Structure formats: structure tokens, C-alpha cells
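# What the coordinates show
Residue-level listing of the chains:
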Amino acid sequence: MTRTHTCGALRPDDVGADVVLLGWVHRVRDLGGLLFVDVRDRAGVTQIVFGNDDEALMAKGKRLRSEYVIGVEGRVQRRSAETVNPKLETGEVEVVVRKLTLLNEAKTPPFSITDDAQVSEDVRLKYRYLDLRRPRLQANIGLRHRVMTVVRNYFDANGFWEIETPILTKSTPEGARDYLVPSRVHPGEFFALPQSPQLFKQILMVGGMDRYVQICRCFRDEDLRADRQPEFTQIDVEMSFARPETIFGIIEPLMREVFAVIGKKITTPFQRMPYAEAMAVYGSDKPDLRPGMPIQDVRELFRESSFGVFKSIVAEGGTVRAIVVPDAASYSRSAVDGIVNQEKAQGRHLLWARRADDGTMTSSFPKAVGEETVRQLLDATGTEKGQLAFVVAGEPDTTSKMLGQLRLNLAKQKGLLGNDEYAFLWVVDFPLLEWDPEAKRYNSMHHPFTSPHDDDHALLAKEPGAVRAKAYDLVLNGSEIGGGSIRIHDSAQQSQIFSLLNISKEEAQLRFGFFLEALEYGTPPHGGIALGLDRMVAILAGESSIREVMAFPKTAAAIDLMAGAPSPVDAKQLKELHLKI
RNA sequence: GGGGUUGUAGUUCAGUUGGUUAGAACGCCGGCCUGUCACGCCGGAGGCCGCGGGUUCGAGUCCCGUCGACCCCGCCA
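Described below are features of the structure shown in this document. (Residues numbered from 1 in each chain as written. Chains lettered and ligands numbered in written order. Predicted model: local features only at pLDDT ≥ 70, side-chain atom pairs only at ≥ 80, totals over all residues. Heavy atoms only, no water.)

## Comments concerning the protein's contact with RNA strand B
What surrounds RNA strand B is a group of 45 residues, the closest being D30, T83, E94, E222 and H446. Sugar plus phosphate, as a fraction of atoms of RNA strand B within 4 Å of the protein: 54%. The separation between a phosphate oxygen of RNA strand B and a polar side-chain atom of K87 is 3.1 Å. Taken together, the elements giving at least two residues each to the surface near RNA strand B come down to strand 1 (18-30), strand 2 (34-41) and helix 2 (121-126). A class-by-class count of the residues in the surface near RNA strand B yields 12 nonpolar, 18 polar and 15 charged. (Near = heavy atom within 4 Å. Polar contact = N/O pair within 3.5 Å; in protein donor to acceptor, adjacent residues only side chain to side chain. Helix = DSSP H or I, 4+ residues; strand = E, 2+ residues; numbered from the N terminus. Nonpolar A, V, L, I, M, F, W, Y, C, P; charged D, E, K, R; others polar.)

If you want it as C-alpha cells, here you go:
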């Protein structure tokens, strides 16, 4: 039996044709002398009909159950006007069965193969092969494929070569925890799975490959989240002779093409925002611009104010910050108190002030502060009638982070995170280094191969913490979907950075010696970026977890519920690998 | 590592102040039914109440522990 059409293909034009459909029994409707079966495949659902003129055939049809795999030979027939099903793409026709072949039986599935079936995620993950049959995942996985195809074609058209890099590679114990693979041949030694092909792609630039791209799997042994899996897929990009603008100029049109896959037009160039501004105004290095509500600094109002608490915080170098909630008329006093109490439970003190629709001011500021100060605050923050301002005082960093979280929570509650809105943003000018107070030393914010900003070279010796990096993150709707940098191509500068990071020559040699040596053989200036494919596709699909766009994701405990991995192994295997548990 | 939500039939859930035989819907099985499409109607089966311990005359319900799922913080150069 050879398939002539998919189950989503037949239309009135096909009436009279003899066709063969292959697929799964989606639903059976047995009316006694008449039997309808919906046959489903990746493309859709088609109704087939058994009449009782052929008793043997009817009897065979009546034995069909959900998810049996069948082949159907028959003639396409137009449905009468009353029996057309407008919910089906193929609903104007049906196939009158002439021959039925049972290709395979199926156990009764634990959940029905429809999107409306409510199933807990552990059941879905255990029976992932059934979950994958459902329209939602079929659509998501199909979308993922189309995005990957667009990406490959785009980079090919722009002169990039897709080059594979090793999966078994060298552990570089900075950054995330490595997944290790023991070497059988070399007792006591290990490969690591790549956290990203960082060094290899840079060496490809040394190797004159000029433009590299790879849709590659990366591995990080860290705790999971809705947007983090231990293995995930990056669109990894590296270009010789690149400046940040070169990278933006390649990625922005790519995003246009990717979003065209779901029929969305996005505007380029994307907004750019220095890291410092993102932190101050949105309390995050990956701000979601959709809900508005920027954080405002109102410290000057309180420098000489009658509000002693705020005044002394400002005097000690702290700050006072606020966000204004629009359309807050619906917020009852108890709702506002609820928000304040929630913050209080986390040890954070939140004040508020509002203007009612009639202009009346109310606030949680102490009486002694006075109405005039509250009015100034509302004026300064632009809080209009029907709006509400939340205010917090303290260290700049803490206040911003707190208000940043609050604004996201409020936005979520108020439904301000439009699912059809795409707010792209380049966050630029990241600090090169961040101070680790415990270890009392600097760490790379991005990675140790990131080039310092041209204007900040002089600061390297004097004030390393103030040096900006030529690093950039691509942020979409509050999700970090990519990050990259221009790299150091000069081995002397690379050594300088290592010494700032307190990595000794010997240590650097041990960890990245091969890479440092490569830098000495005529390395072109270069830079790149890595985009998180899973996160990108999740946003395109409107999913809140990347598990919904991966065929075989792991649980929050990093377990594959279907395959049952990880699992113990034979003593023999351990012995060969020179391992003892 | 920490915080929160959660676990009862195949699935999703209900289950009162601790009290007879643990319910519903869908699914499943059987019967009837010639225009259904979430077919309908009639009947039936189906439970280690996650697991272990404790309190109690008595535990799905209370207590302790443990395991799994999800979300968040830490972590993720």
C-alpha cells in the first residue's frame, strides 16, 4: 500500500479520486450500520466511512481502536452540505473505504492525542512519543525545523560555513559545571562535553575559515529552569574582522527572516541600551520592554526632605527609586497592601502613593512627611490620575532589582506582556569584570577572551572594575536569546586579562595553552555571538518553557523520564573506565 | 543547597470537624443505533489514596520522613 495523500490533503477537487491514506485511528464513531473513523497523520485528519454493504469490511472496521495504525484505500466523496465539518481542513470531503489494512494495533494510550487533553507533565514526558503526536508538539517541532532551515539558508547565503566542532573536548573549569566523560584509554583522565564551542570557533578564525556558523548542542551541568536544560541548542556564530556593528548587521536581518516564519514583521535596527542603564531603569540585564513602567530615580526629592528615613539613606549614598503603575484605579487598598506585604515578607520595605481618578492623593508615607512631599513625588514621577507609584529606598543595586521584579510581577498580573509583541534589545557595554567578594578577585562577566572597550584600555590598570567590554546580549521580551563579544586577538592583551583574573601563566598554559599559542600565529580580529535556539523557538511558538519545543526534554531534576536516564552502569563498564563508585 | 505549589481510577479532579462500601467527568469494555464528527442511549469493569513510619478504637484526611513533577532563589564565564 503506497500513500497517495496525507490526511490533511484532500479537498473537493479530489472528489472521485481513488486514494490511499496511511495513519493513526484518531477517533471512531460507530453508528451501527454506519461507521466513521478519523484518520490522523502529521498533516491533519480525514474522515473515512464504512457502509454496511460489505459486512466483512464493516466488521473489520468495528475492531479499530484509538491509535491503531491503518492503511485505507477508497474513493473521495463530497460530503452533503449538512454534513460538512468546517472544523477540519478536509471537512468538505470524506473517503469511502474499499479496503482496510491494519498495520499495527496499539495499547490504549494514557491520554488522548488532542490538545485539549489535560495531562500532567510527567505523564507527557514518560510517554513523549504519544505527546509528540499531539498537534501542539507537532506544530512546535515543525516550527523548530523551519527556523533551523531558515537559519542555515541565511548563513549560507551570507558566506558562512557550518563547521562541526568536537563533542569530546577539554574541561575548562571556569563557568558552568562540565559534564565529564571518562577516557578508557587514559586512566584517570576525562573529556568534557562542550559548554559551547568557544575556543574552537575562535581557532577556526585563526584557521582562516572567516565566517563560521554551527547549530550545535551545548551541555551545562547546572540546575534547570523553564528556559534552561542541561543540553540545549545554540546557533553559534563567529566572524573574522568583525566589530560589534558587523555582528548586529548579520543578526538583525536573520531575526527578520526567522520571525517571517510565523508571519511576523519586526523592525530593525534593534534598540541598544548600555548595561548600566538596563540595570538602573529596569533592574535587570535582560529587561522586558513590553510593560513600560521604567524605574525612576527620585533621590533628589528626599535629599533635604522631612522624611528622616529616606533622607538619611540618601545621605549615606543610597537612593530612592519608584515605578508608576498605569491603570491602577482597579487596585483596591487591600490589593496594594497585599503587594507591600509580599515584599515585606522578603524583608523589603515598599511605600506607595497614588492619585485617585478624582485627583485625591493617598499614600503609605508617614503623616509627618506631609502632603507637599507626596505631591512632589507624584509630580516628579509623572503619576497621573488613576495611577499609583511604588517607592523604595536603599542601595542602588538592590532597589532597582526589587522594583525590576515588582514591575514584571505587576505586568504579568495586569496582562501587559502581550504575546504578540516582540521587544528586541541589544544590551551593550557590559562590564568586562565583576568582583567576587568571596574569592576577593575579579571574574570575567562574559568570558576571559572578551575584548575590553577601545576607550577603556587605560582603565585596565587603574580601575579594572570600570572597564567596559565589547560584549552584547540580544534580549527579546525579557529573555536572553543571545550573547557574544568581540574577542581578544592579541596574545599580550590576553595575558594581561589573565593576570587581572588572577590566572597565573602556568595555569593559563595548562588550561588554554593550545589556544594561547594559536593566538600567536596571526590571529585576525574577530568576534561572534551565540543564539539560544530553544528560547527563540519557544517565544515564536508562544510557549513559556523550552521543553515544549524540544523533542526529548529532561525534567527539572535533569532526568529523562522516558528513557530512564541517567542510570547505573555495569561494574564491567566502570572497571574499563577505571572508575570506582 | 533554599523557598513555594503539587501527588486519590488509564487521565483530569472532588473527597466535609478523622468515622459505614473513596466519588465525578472523560477514557476503557459490552450492547443498541445509517450521517456522525467531543456522535447518542443503556450497562459494566477499573483504586498500594506516591512510598515508609507514627498518632488514634479508627487515617485519603493529622504528624514525621522519603520519592517524583512544576515554578522561583542560589547556580548558569
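## Quick notes on the side chain of Q214
Among the secondary structure elements, Q214 is positioned in strand 9 (residues 211-219). Polar side-chain contacts of Q214 include one of 3.0 Å to the side chain of T165. Side chain to side chain, Q214 and Y212 meet in a polar contact 2.8 Å long.

## A word on the packing of aromatic side chains
Both the distance between ring centres and the angle between the ring planes are used here to describe each pair of aromatic rings. Across all of its chains, the model carries 21 aromatic pairs by this definition. Arranged with centres 6.5 Å apart and planes meeting at 90°, the rings of F449 and F498 form a pair that is edge-to-face. Within this pair, whereas F449 is found in the loop between strand 19 (441-444) and helix 13 (459-462), its partner F498 is found in helix 14 (residues 491-500), the two being separated by 49 residues in sequence. Given the relative accessible area of 3%, F498 is considered buried. A ring pair is formed by F449 and F515, whose centres lie 5.0 Å apart and whose planes are at 70°; its orientation type is edge-to-face. Remark: F515 occurs in helix 15 (residues 505-519) and F449 occurs in the loop between strand 19 and helix 13; sequence separation between them is 66 residues. Each member of the pair, F449 as well as F515, is classed as buried. (Phe/Tyr/Trp six-rings, centres within 6.5 Å; stacked < 30°, edge-to-face > 60°. Buried < 20%, exposed > 50% of the residue type's maximum accessible area, 1.4 Å probe, protein only.)

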